[in-house]
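Chains, contacts and geometry: an overview
In case you want the letters, here they are:
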Amino acid sequence: MPPPALDLAKEVLFYLVLQDAESRKIVEENTSYQSRYNGALSLRVKAGNTSKFAGRVLSVGRLKQTSDIVLYLRGMPDQQCYFQLYPSGELILQDATTGYHTSIGCRDASGKVIDKYSLQDDPRRRVIPMDRSLPIVIWLTSEISFKFVWGESIMKNVDAARKALIVIAEANNKAGGVHFEPQRTLNPAMIEFEPRSPNAPKVPIDLDKKPLRQIHTYKVLGEGGFGRVFMAVCLAEGKLYAVKECKKKTQKSGFKQKSNSWQYFDVGGTLVYLAPEATREGIMTRATDVYVFGLMLLEVLGRYCPSEGNAMFMNISQWRRKLEGNLRLESLRDKCRKYQDRPPLRAPFLPNFEARHGCVQSLSDFKLLRPSVEGVLHEDLKKRSTASRARIDLLRDYAPSMLAFEKKPVKEKR
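Per chain, residue numbering runs from 1 following the sequence as it is written. Where local features are concerned, this predicted model is filtered to residues with pLDDT of at least 70; where side-chain atom pairs are given and counted, the filter is 80 or more; whole-chain, interface and lining totals use all residues. No hydrogens and no water enter the side-chain calculation; it runs on all heavy atoms of the structure.

A short note on the packing of helix α6 (residues 286-301) against helix α9 (residues 354-365)
The relative placement of two packed helices is expressed as an angle between their axes plus a distance between the axes. Here is the rule: Simply put, an axis is a line fit to the C-alpha atoms, just over the touching stretch for a helix, and the angle between two N-to-C directions goes from 0 to 180 degrees. Helix numbers and strand numbers start at the N terminus; a helix is a DSSP run of H or I with at least 4 residues, a strand a run of E with at least 2. Small angles under 35 degrees read as roughly parallel and large ones over 145 as roughly antiparallel, with 65 to 115 read as roughly perpendicular and the rest as oblique. By definition, turning the near helix anticlockwise from the far helix through less than a right angle yields a left-handed crossing, and turning it clockwise yields a right-handed one. The criterion used for residue contact is that any of the two residues' heavy atoms lie within 4.5 Å. Classification convention: Asp, Glu, Lys, Arg as charged; Ala, Val, Leu, Ile, Met, Phe, Trp, Tyr, Cys, Pro as nonpolar; all other residues, Gly among them, as polar.
Viewed as axis vectors pointing N to C, α6 and α9 meet at an angle of 70°, and their least axial separation amounts to 13 Å. Judged by the inter-axis angle, α6 sits roughly perpendicular to α9. Relative to α9, the crossing made by α6 is left-handed. Between α6, through Y291, L295 and L298, and α9, the contact on the second element is made entirely by H357, V360 and L363. Classifying every residue of the contact of α6 with α9 gives 5 nonpolar, 1 polar and no charged.

Some details on the packing of aromatic side chains
Defined as follows: Centres within 6.5 Å are what make two rings of Phe, Tyr or Trp a pair, Trp counting through its six-membered ring; a difference in plane orientation under 30 degrees is then read as stacked, over 60 as edge-to-face, and the rest as tilted. Residue exposure (1.4 Å probe, protein chains only): buried if accessible area is under 20% of the type maximum, exposed if over 50%, otherwise partly exposed.
For the structure shown, the criterion picks out 6 aromatic pairs. Their ring planes at 40° and their centres at 5.0 Å tell us that Y15 and Y37 sit as a pair that is tilted. Taken together, the residues span a long stretch of sequence, with Y15 in strand β1 (residues 12-18) and Y37 in strand β2 (residues 34-37) at a distance of 22 residues. The same class applies to Y15 as to Y37, namely buried.

So, the packing of helix α7 (residues 316-326) against helix α8 (residues 330-337)
The interhelical angle for the contact between α7 and α8, taken along N-to-C directions, is 175°, at an axis separation of 9 Å. One element, α7, and the other, α8, form an angle in the roughly antiparallel class. Every residue of α8 that contacts α7 at R320, L323 and E324 is listed here: R333, C336 and R337. For the contact of α7 with α8, the residue count by class is 2 nonpolar, no polar and 4 charged.

Some thoughts on the environment of R286
The topology assignment puts R286 in helix α6. Separated by 95 residues in the primary sequence, R286 and L381 have C-alpha atoms spaced 9.3 Å apart.

So, α7
Condition: Note that the arc is computed from the directions linking the helix axis to the C-beta atoms.
Of all the residues in α7, the buried ones are W319, R320 and L323. End-on, the buried residues of α7 take up no more than an arc of 105°, which puts them together on one face. Exposed and facing more than 90 degrees away from the buried side of α7 are R321 and G325. Buried residues along α7 sit in contact with α8 and α9.

Some remarks on the UniProt feature "binding site: ATP" (unreviewed entry) in the protein chain
Stated precisely, the cut-off is as follows: UniProt positions are given in the numbering used here, feature names are shortened, and annotations may be inferred rather than shown by experiment.
As recorded in UniProt, the sites labelled "binding site: ATP" (unreviewed entry) are K244. Mapped onto the elements of the fold, K244 is located in strand β14 (residues 240-246). Residue K244 is classed as partly exposed on the basis of its relative accessible area of 35%.

As structure tokens, then:
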């Protein structure tokens, strides 16, 4: 059997089905792309189509030298729009006009416009998800529109088709002319986005703690106690992500979802590992994950178990005894006997977690941690070590002691 990419290159990638009298004129003039879809006159584009504009799948405009679909009507721009394959195998439509003439219309079952699929940002573009349930209409002007329909071979097996399209995208890239221009707008339209962690996917510093990326979910990759994990595509970048959408009615954290107005939904991660800034202010950053890494180090080193911060499992007197048993200096033991849990902060998200964070901090206060681990767990986000820096410090602190336990080879006596 030949590779999927060779088969798919000859198959139909999508159809542009005429919607009005003006679009009929365009179809009739472009005979090389002319076809029929369910009896309706349309333009047919194959996956392996070689565009006149290097690197693109299809270019639309009035200029014959660079346009595959030529707009013979008066007043049309030299370059109207174009379709391009991203390295992930996703198809994107980008407006090439300066007057924002090209647009996408997508409506749900009730007829309501789904704005998150419209062309947005600067440059104006959008991924067209491989989902036939989305009724997408592409407007060149207010009087010229085409219905976008995916080819049958794409919809039969989307995963296999995407892999084949990745091969075609790489070939287009090698042909030259491909340039994926980064978004110039740092504040995209806040219309609707899925609840997700600010640190996955990676967001620009300007958008840290407030991710506004809009995604389309394809399928469920897995499901756990806190929610499902979806395979999703970022509609602005065309990149694929695994996105966790948490269930409602769990503890609050810094996840948000925008609908008609700002609302905070009850979602969260694994509660026993939440960092202080997450339980107190709902802030989730990359440093929050470093704190979780620090807690795991404490578990491995036998210094702390997450359940010990829960009053149901260990009270403060039991924690004092554990601390005192690990202290060598008498001065620190006297100080340990006076140790108290930290009082709850004013209106934290999760007040019951203050005792847990106090226990972790006490390990540092009583000099029971190496400097490298203490740096990971520091509550100041600006001073908390990054993962790469923590790795270097940990190897410096713990590699010699680990080597000390290795058995030295015994030399045989001659």
